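Here's the letter readout for the chains.
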Amino acid sequence: MMKKIIAGGILFLGGICLYLGMYLPALELGLTLGGFTTPPGRIGSALEITEGNKPMIYAIGCMILGFMLVIWGALKEELTKTYSYLKRKLINLWKNNLAEKKEETGNSN
């Protein structure tokens, strides 16, 4: 459990470092750009010039994966308890629904 939290934290912080490592130079270049296209804008055009689009996607993926690992490691016990509780409740509702349908079909014959 603690391993997932630590690994997730490292991935999350690594993703932030990679994101900032791509974003800040693109931001500096974007401020000095004379011509850029409208859909990506200044920073998007600067990311295209510096070829920082893929590392940005990897950085965002690392942040998302790291966050999910931290949440999974921290809340695993609570999530499994909630899952088993909901599973029991749904099974009981399903059984009760089947019993009611059997009574209805038995009474209509």
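Each remark here, short or long, concerns the structure printed above.
Reading the values: rules and limits
Residues numbered from 1 in each chain as written. Predicted model: local features only at pLDDT ≥ 70, side-chain atom pairs only at ≥ 80, totals over all residues. Heavy atoms only, no water. Helix = DSSP H or I, 4+ residues; strand = E, 2+ residues; numbered from the N terminus. Rg over C-alpha atoms; globule rule 2.2 N^0.38 Å. Buried < 20%, exposed > 50% of the residue type's maximum accessible area, 1.4 Å probe, protein only. Lys, Arg positive; Asp, Glu negative; His and termini not counted. Charge placed at Lys NZ, Arg CZ, Asp CG, Glu CD. Disulfide = S-S within 2.5 Å. Expected span 1.5 Å × (residues − 1). Patch = residues over 30% accessible without salt bridge, like charges linked within 9 Å, V, L, I, M, F, W, Y side chains within 5 Å. Areas by Shrake-Rupley, 256 points an atom, 1.4 Å probe, with all protein chains shown as cover. Salt bridge = Lys/Arg side-chain N within 4 Å of Asp/Glu carboxyl O.

## Overview of the overall build of the chain
In terms of helices and strands, the chain carries 3 helices and 0 strands. Ordered by position from N to C terminus, the α and β elements of the chain give α-α-α. The globule rule puts the C-alpha radius of gyration for 109 residues at 13 Å, and the 26 Å found for the chain is more than 25% above it. Counting only C-alpha atoms and orienting by the principal axes, one finds that the chain spans roughly 85 × 40 × 15 Å. Buried positions account for 16% of the 109 residues belonging to the chain. Separation between the mean location of the 12 positive side-chain charges and that of the 8 negative ones in the chain comes to 9 Å.

## Some thoughts on the state of the cysteines
Taken as a whole and judged by the stated rule, the model has 0 disulfides. Here Cys62 stays unpaired: no disulfide links it, and the sulfur of Cys17, its closest cysteine neighbor, is 11 Å away. Since its relative accessible area comes to 26%, Cys62 is described here as partly exposed.

## Notes on the environment of Gly41
Mapped onto the elements, Gly41 comes out in helix H2 (residues 41-49). The exposure class of Gly41 is buried, given its relative accessible area of 15%. Linking Gly41 and Leu69, residues 28 residues apart in sequence, is a C-alpha distance of 33 Å.

## Some points on helix H1 (residues 2-32)
For H1, which comprises 31 residues, the first-to-last C-alpha distance of 46 Å matches the rise-based estimate of 45 Å (1.5 Å per residue) to within 8%. Taken as a whole, H1 has its buried residues at Gly8, Gly15, Ala26 and Gly30.

## A short note on unusual backbone geometry
The phi dihedral of Glu51 is positive, around 55°, even though this residue is not glycine. Of note, Glu51 is situated in the loop between H2 and helix H3 (53-108).

## Regarding a nonpolar patch on the surface
Taken together, Phe12, Leu13, Phe67, Ile71, Leu75 and Leu79 make up a surface patch of nonpolar side chains, about 530 Å² in accessible area. At the level of elements, H1 and H3 are the ones that each hand at least two residues to the nonpolar patch. When residues in the nonpolar patch are grouped by element, the largest group, 4 residues, is from H3. Mapping Ile71 onto the fold places it in helix H3.

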